[in-house]
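Single-letter residue listing:
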Amino acid sequence: MGSVEASENLAAGTPPVEVGEMRLEVVVVPVSDADLAKQFYQALGWRLDADLTVDEGYRVVQFTPPGSLCSIIFGQGVTTAPPGSTQGLQLTVHDIDAARADLVERGVTVSEVFHDVTGIFHHAGTEGRANGPAPGHADYGSFVSFSDPDGNGWLLQEIKKRLPGR
C-alpha cells in the first residue's frame, strides 16, 4: 500500500457499523483524578481523542491505544464504579519483550513476562503465573501486567498469528 493510499485510508476512519455487527467502541475506566490519569495514558503514547468539560462535575477524557479500534473514557461523572476497580483490560502486542521494554522506558511499573501454568489464558490476579514467556512464545500465551495510578489493571498478550476466523 502506498503512502498516499495509506493516508487516505487513515483520513477515512473506521468503516461504518454494518447490520448485524456489534463493535466494542469504548471501555469506561474509573479514576479518582482525571488529570493524573490523563498524564499516565499520554505517557503511554496513546492518542488523546477528547478532553471535554461539559458541565461542572462532568468531564470526559478519551484515549485510544495505538492501532486499537476501541478507546477508553474516564473523567468525572462518567461512572459510579470505584476508582481502580476495572481489572483484566487486555491489549494485544506482536512482541511481548519489546512492548514490555517500551513500557519500562516510559516509566511504567510492569511485571516480568509470564505465562499461565495451565497454558490457557491467565488466572485472575497473580495466581498461576509461571515466569517467562509461553514455551516457544506460543501465540496467546505470554503476558505482562501493569496498572494505572488508581490500580485499574491492564495486561499485554503476545499474538503474532491469530487463530483462524479472528
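This section reports on the structure supplied with the text. (Residues numbered from 1 in each chain as written. Predicted model: local features only at pLDDT ≥ 70, side-chain atom pairs only at ≥ 80, totals over all residues. Heavy atoms only, no water.)

**Remarks on the packing of aromatic side chains**
The following threshold applies: In this analysis, rings of Phe, Tyr and Trp, with Trp reduced to its six-membered ring, are considered paired at centre separations within 6.5 Å, and the interplanar angle assigns stacked below 30 degrees, edge-to-face beyond 60, and tilted for intermediate values. Helix and strand assignments come from DSSP, with helices taken as H or I runs of at least 4 residues and strands as E runs of at least 2, each series counted from the N terminus. The classification of residues rests on relative accessible area computed with a 1.4 Å probe and restricted to protein chains. Under 20% of the type maximum is buried, over 50% is exposed, and intermediate values are partly exposed. We call a charge positioned above a ring when the Lys NZ or Arg CZ atom is no farther than 6 Å from the ring centre and deviates by at most 35 degrees from the ring normal.
A complete count under the given rule lists 10 aromatic pairs for this structure. Ring centres of Y41 and W154 lie 6.2 Å apart, and the angle between their planes is 65 degrees; on these two criteria the pair is classed as edge-to-face. Here the residue Y41 occupies a position in helix α2 (residues 34-43), and W154 occupies one in strand β9 (residues 153-158), the gap between them amounting to 113 residues. Note on F146 and W154: the rings are 6.3 Å apart at their centroids and 10 degrees apart in plane angle, and the pair reads as stacked. Taking relative accessible area as the criterion, F146 reaches 4% and is therefore assigned buried. Residue class for W154 comes out buried when judged on its relative accessible area of 4%. Following the ring pairs from residue to residue traces out a cluster consisting of F40, Y41, W46, F63, F74, F146 and W154. Sitting above the plane of the F114 ring, R129 keeps its charged end 3.8 Å from the centroid.

**Focus: the nonpolar core**
Stated precisely, the cut-off is as follows: For the purposes of this section, nonpolar cores are sets of buried Ala, Val, Leu, Ile, Met, Phe, Trp, Tyr and Cys residues that join through side-chain atoms within 4.5 Å. Only heavy atoms enter the contact rule, under which two residues are in contact if any of them lie within 4.5 Å.
Core analysis: the biggest nonpolar cluster contains 25 residues, and Y41, F74, F146 and L156 have the highest contact counts within it. Counting residues per element, the ones that place at least two in this core are α2, β3 (58-64), β4 (71-76), β5 (89-93), α3 (96-105), β8 (143-147) and β9. The element that contributes the greatest number of residues to this core is α2, accounting for four residues. Setting aside chain neighbours within four positions, we find F74 in contact with V29, V31, A34, A37, K38, Y41, R59, V60, V61 and F63.

**Some words on the sheet that holds β4**
One key point about sheets: their strands pair by backbone hydrogen bonds, in either a parallel or an antiparallel sense. How we decide: Pairing between two strands requires that DSSP report at least two bridges joining them. For every element, the axis is a line fit to its C-alpha atoms; helices are fit only across the contacting stretch, and the angle between N-to-C directions ranges from 0 to 180 degrees.
Taken in spatial order, the four strands of this open sheet run β1-β4-β3-β2, and their pairing is mixed. Either end of the sheet is taken by a strand with one partner, and the two such strands are β1 (26-28) and β2 (47-55). Taking each pair of neighbouring strands and ignoring which way they run, the sheet shows an average axis angle of 20 degrees. In this fold α2 packs onto β2, β3 and β4, with an angle of close to 10 degrees to the strand it touches most, β3.

**Regarding the pattern of salt bridges**
Quick reminder of the rule: Note on definitions: salt bridges are taken to be side-chain nitrogens of Lys or Arg within 4 Å of carboxyl oxygens of Asp or Glu.
For the structure on display, the rule yields eight salt bridges. Close ionic contact of R106 with D102 constitutes a salt bridge, the shortest N to O distance being 2.9 Å. Beyond isolated ion pairs, a larger network of salt bridges with shared partners links D35, K38, D51 and R59.

**Describing the side chain of E158**
So the rule is basically this: Identification of polar contacts relies on pairs of N or O atoms within 3.5 Å, with a donor-acceptor requirement for protein atoms, meaning one able to donate a hydrogen and the other able to accept it, and with residues adjacent in sequence counted only if both atoms are side-chain atoms.
Looking at the secondary structure, you find E158 in strand β9. On the basis of relative accessibility, which here comes to 1%, the residue E158 falls in the buried class. A polar contact of 2.9 Å, which involves the side chain of E158, links it to the backbone nitrogen of I96. Setting aside residues up to four positions removed in sequence, E158 forms contacts with V93, H94, D95, I96, H137, A138, D139, Y140, G141 and S142.

**What to know about a nonpolar patch on the surface**
How we decide: Exposure above 30% relative accessible area and no salt bridge define the residues that can form patches, which grow by joining like charges within 9 Å and nonpolar side chains of Val, Leu, Ile, Met, Phe, Trp and Tyr within 5 Å. All accessible-area figures derive from a Shrake-Rupley calculation using a 1.4 Å probe, and residue coverage is judged against the displayed protein chains alone.
Together, L52, V54 and Y58 line one region of the surface with nonpolar side chains, adding up to about 280 Å² of accessible area. Summarising the element assignment, L52 is placed in strand β2.

**Some thoughts on unusual backbone geometry**
The residue H137 is not glycine, and still its phi comes out positive at about 55 degrees. Note on placement: H137 falls in the loop between β7 (129-131) and β8.

**Some remarks on the pairing of β3**
Across the seven residues of β3, five count as buried, placing the element largely inside the fold. One ladder, built from seven bridges, connects β2 with β3; its direction is antiparallel. Directly across from T53, in β3, lies its bridge partner R59. The turn joining β2 and β3, which pair antiparallel and follow one another in sequence, is formed by two residues; a positive phi near 85 degrees is taken by G57. In this structure, β3 lies alongside β4, joined through five bridges in antiparallel fashion. Looking across to β4, one finds that R59 is bridged to Q76. The loop that links β3 with its antiparallel partner β4 comprises six residues; one of these, G67, has a positive phi angle of about 80 degrees.

Spatial relationships are all this shows, so hold off on functional conclusions.
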